[in-house]
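As a plain string of letters, each chain reads:
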Amino acid sequence: MSRQTQAIIHADALLHNFKALAALAPTSQSMAVVKADAYGHGAVNVARILQHVSSRFAVAIIEEAIALRDAGITAPIIVLEGAHQVKECKMAYQNNCILVMHCQEQLDWLDKCPEDSRPHVWLKVDSGMHRLGFAMSDIEAIAKKYRHLLSEQTVIATHFACADDVDNRFTGTQLRAFKQVADKLGFPTSVANSPATVNFPESRNAWNRLGVGVYGGAVSTSNDVDIEIYSTMTLRSSVLAVRNIAAGEGVGYGQTWVADKPSKIATVGIGYADGYPRHCKNGTPVMVRGKRAYLAGRVSMDMITIDVTHIDNVNVGDEVELWGQNVSIQEVAAWADTIDYELMTRISQRVPRIVKYL
Ligand SMILES: Cc1ncc(COP(=O)(O)O)c(C=O)c1O
């Protein structure tokens with residue numbers, strides 16, 4: 001029997017989440033962001049599942065777009081980092097990709113492409129996140145200078161720094177500043193990621209770029225938000241061994257967990273080489289036989305150890321849920337001092353993704 005460590009990808013939940021987020025913005029168009037292997041879910045899997053509801057997809061880099069083309073995905077693909085080298089302009093054209101250009105060097109590369117093989121581009125504006133984008137004071141001049149590179153498909157885009165926090169006023173500041181310059185340019189705009197689509201209705205516009213919410217991520221700091229987002233990935237493994245240890249015995253590397261009473265320890269076939277975070281502390285919950293059990297000892301490369309003293313009849317082969325419908329990925333992320341985005345995207349290639357419909 002092969003190792004039972006798998007990421008189950010719930011197709012119906014992906015479809016539900018995308019549709020629910022898109023329905024918040026009926027006058028916008030919505031695209032699924034499938035960068036970083038669709039946040040660890042498998043970009044080809046996800047693009048196939050969503051291709052009838054998401055008329056475009058977004059990736060970070062051109063290689064991710066080409067992988068989708070190789071798998072037969074035909075929808076236009078937005079490349080969020082634009083071109084990294086001049087040759088990527090041609091690659092974008094050949095693969096029906098739209099490059100989001102954020103600096104003048106990229107537009108100069110595009111200018112060098114023969115006119116009949118130039119991809120469409122979006123322009124990105126830095127409205128305050130200070131990561132990528134033309135300065136707001138420059139964008140009008142840039143749009144004028146490179147007018148010949150823009151087309152009916154051009155969109156002016158920006159990205160928020162704090163959209164998951166409903167109380168953060170900086171989102172409003174970014175939006176107002178962006179609108180002032182975008183209005184003058186007269187192109188459609190794209191601003192909202194999935195948290196902004198949920199939390200800031202005024203940010204929904206021509207194209208919303210839906211990422212983590214599609215993947216069951218936390219999109220809001222408010223409990224009042226009226227949208228149900230389902231978990232899309234169950235990370236599961238199985239029990240490899242069960243042993244009883246005496247009070248005072250330590251478990252795992254560094255003996256960071258010590259039994260305070262006679263205890264039963266189950267060893268589970270998943271470790272940090274699979275993407276289960278090594279930073280998870282003692283006490284991180286998992287689910288076995290319908291009950292919560294708790295991490296006991298450091299996460300190793302291929303295994304973890306859990307305290308199952310309170311659970312009867314735990315046996316070799318029993319299924320263990322690391323996160324999913326019973327233990328939320330957000331809860332595990334908190335135990336690892338990180339966010340759900342990181343947990344999803346770090347599931348390694350060693351873990352098979354199994355797509356399941358209801
Ligand atoms: C430019 C851009 N747009 C949209 C997204 C999607 O954001 P989210 O996953 O928060 O919905 C990302 C993700 O990081 C991004 O970098």
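Treat the numbers as computed from the prediction; the structure is a model and nothing was measured.

### Side note on the pairing of strand S16 (residues 291-295)
Pairing between strand S15 (residues 285-288) and S16: four bridges, direction antiparallel. Across the sheet, the residue bridging to Met287 is Arg292, located in S16. Connecting the antiparallel pair S15 and S16 is a turn made up of two residues, with Arg289 showing a positive phi of about 50°. Where S16 lies against strand S17 (residues 304-307), two bridges are found, and the strand directions are antiparallel. In the sheet register, Leu295 faces S17, and the bridge partner there is Ile306.

### With respect to the domain arrangement of the protein
Entries for the protein in the domain assignment read domain 1 (11-215) and domain 2 (233-356). Distance from the C-alpha centre of domain 1 to the C-alpha centre of domain 2: 37 Å. Taken together, the contact between domain 1 and domain 2 spans twelve residues of the former and nine residues of the latter. Taking both sides of the interface into account, the surface hidden between domain 1 and domain 2 amounts to around 880 Å²; carbon and sulfur atoms contribute 61%. The largest per-residue losses of area from domain 1 upon contact with domain 2 belong to Tyr39, Gly40 and Val212, which jointly make up 44% of the total buried on that side. On the surface where domain 1 and domain 2 come into contact, there are zero salt bridges. Put simply, domain 1 and domain 2 have two residue pairs in polar contact (both at pLDDT 80 or more) between them. Tallying contributions element by element places helix H2 (residues 35-39) first for the side of domain 1 that touches domain 2, with three residues. Counted by class, the side of domain 1 that touches domain 2 contains seven nonpolar, three polar and two charged residues.

### A short note on the site of the ligand
Taken together, 14 residues lie near the ligand, and Lys35, Tyr39, Ser194, Val212 and Tyr341 sit nearest. Contact distances for the ligand include 2.6 Å between an oxygen atom and a side-chain N or O atom of Tyr39. In the environment of the ligand, an oxygen atom lies 2.7 Å from a nitrogen or oxygen atom belonging to the backbone of Val212. Relative to its unbound accessible surface of 390 Å², the ligand loses 91% to contact with the protein. Those elements that provide at least two residues to the shell around the ligand are H2 and helix H9 (194-199).

### A look at the pairing of strand S18 (residues 319-323)
Across the five residues that make up S18, a large majority, four, are buried. With four bridges connecting them, strand S11 (residues 233-245) and S18 associate as antiparallel partners. The residue bridging Ser238 from the neighbouring strand is Glu319, located in S18. Pairing of S15 with S18 involves two bridges; the strand directions are antiparallel. Looking across to S18, one finds that Met287 is bridged to Glu321.

### Quick word on the state of the cysteines
What we call a disulfide is simply a covalent bond connecting the sulfur atoms of a pair of cysteines. The tally for this structure, following the rule as stated, stands at zero disulfides. Cys113 forms no disulfide, and the closest cysteine sulfur to it belongs to Cys89, at a distance of 4.5 Å. Owing to a relative accessible area of 9%, Cys113 belongs among the buried residues under this scheme.

### A few points about the packing of aromatic side chains
In this description, an aromatic ring pair is defined by two values, namely the gap between the centres and the angle between the planes. The full count for this structure, using the stated rule, is three aromatic pairs. Ring geometry for Tyr39 against Tyr215: centres 4.6 Å apart, planes inclined by 20°, an arrangement best described as stacked. Here Tyr39 is found in helix H2, whereas its partner Tyr215 is found in the loop between strand S10 (207-210) and S11, with 176 residues between them in sequence. Judged by relative accessible area, which is 2%, Tyr215 ranks as buried. Taking the centre distance of 6.1 Å and the plane angle of 35° together, the rings of Tyr39 and Tyr341 count as tilted. Pair noted here: Tyr39 is in helix H2 and Tyr341 is in helix H11 (residues 340-345), with a separation of 302 residues, a long-range link. According to the relative accessible area criterion, Tyr341 is partly exposed, its value standing at 31%. An aromatic cluster is defined as three or more aromatic residues linked by ring pairs; in this entry it consists of Tyr39, Tyr215 and Tyr341.

### Description of the pattern of salt bridges
Applying the stated criterion across every chain, the model contains eleven salt bridges. A salt bridge links Arg289 to Asp318; its shortest N-O distance comes to 2.8 Å. Residue Arg289 is found in the loop between S15 and S16, and its partner Asp318 is found in the loop between S17 and S18; the two are separated by 29 residues along the sequence. With a relative accessible area of 44%, Arg289 lands in the partly exposed category. The exposure class assigned to Asp318 is buried, which follows from its relative accessible area of 12%. Here the residues in one salt-bridge network are Arg3, Asp274, Asp302 and Arg350, joined through shared partners.

Thresholds applied
- Residues numbered from 1 in each chain as written.
- Predicted model: local features only at pLDDT ≥ 70, side-chain atom pairs only at ≥ 80, totals over all residues.
- Heavy atoms only, no water.
- Pairing = 2+ DSSP bridges.
- Helix = DSSP H or I, 4+ residues; strand = E, 2+ residues; numbered from the N terminus.
- Domains from an automatic or database assignment.
- Contact = heavy atoms within 4.5 Å.
- Buried area = accessible area lost by both parts, 1.4 Å probe.
- Salt bridge = Lys/Arg side-chain N within 4 Å of Asp/Glu carboxyl O.
- Polar contact = N/O pair within 3.5 Å; in protein donor to acceptor, adjacent residues only side chain to side chain.
- Nonpolar A, V, L, I, M, F, W, Y, C, P; charged D, E, K, R; others polar.
- Near = heavy atom within 4 Å.
- Areas by Shrake-Rupley, 256 points an atom, 1.4 Å probe, with all protein chains shown as cover.
- Buried < 20%, exposed > 50% of the residue type's maximum accessible area, 1.4 Å probe, protein only.
- Disulfide = S-S within 2.5 Å.
- Phe/Tyr/Trp six-rings, centres within 6.5 Å; stacked < 30°, edge-to-face > 60°.

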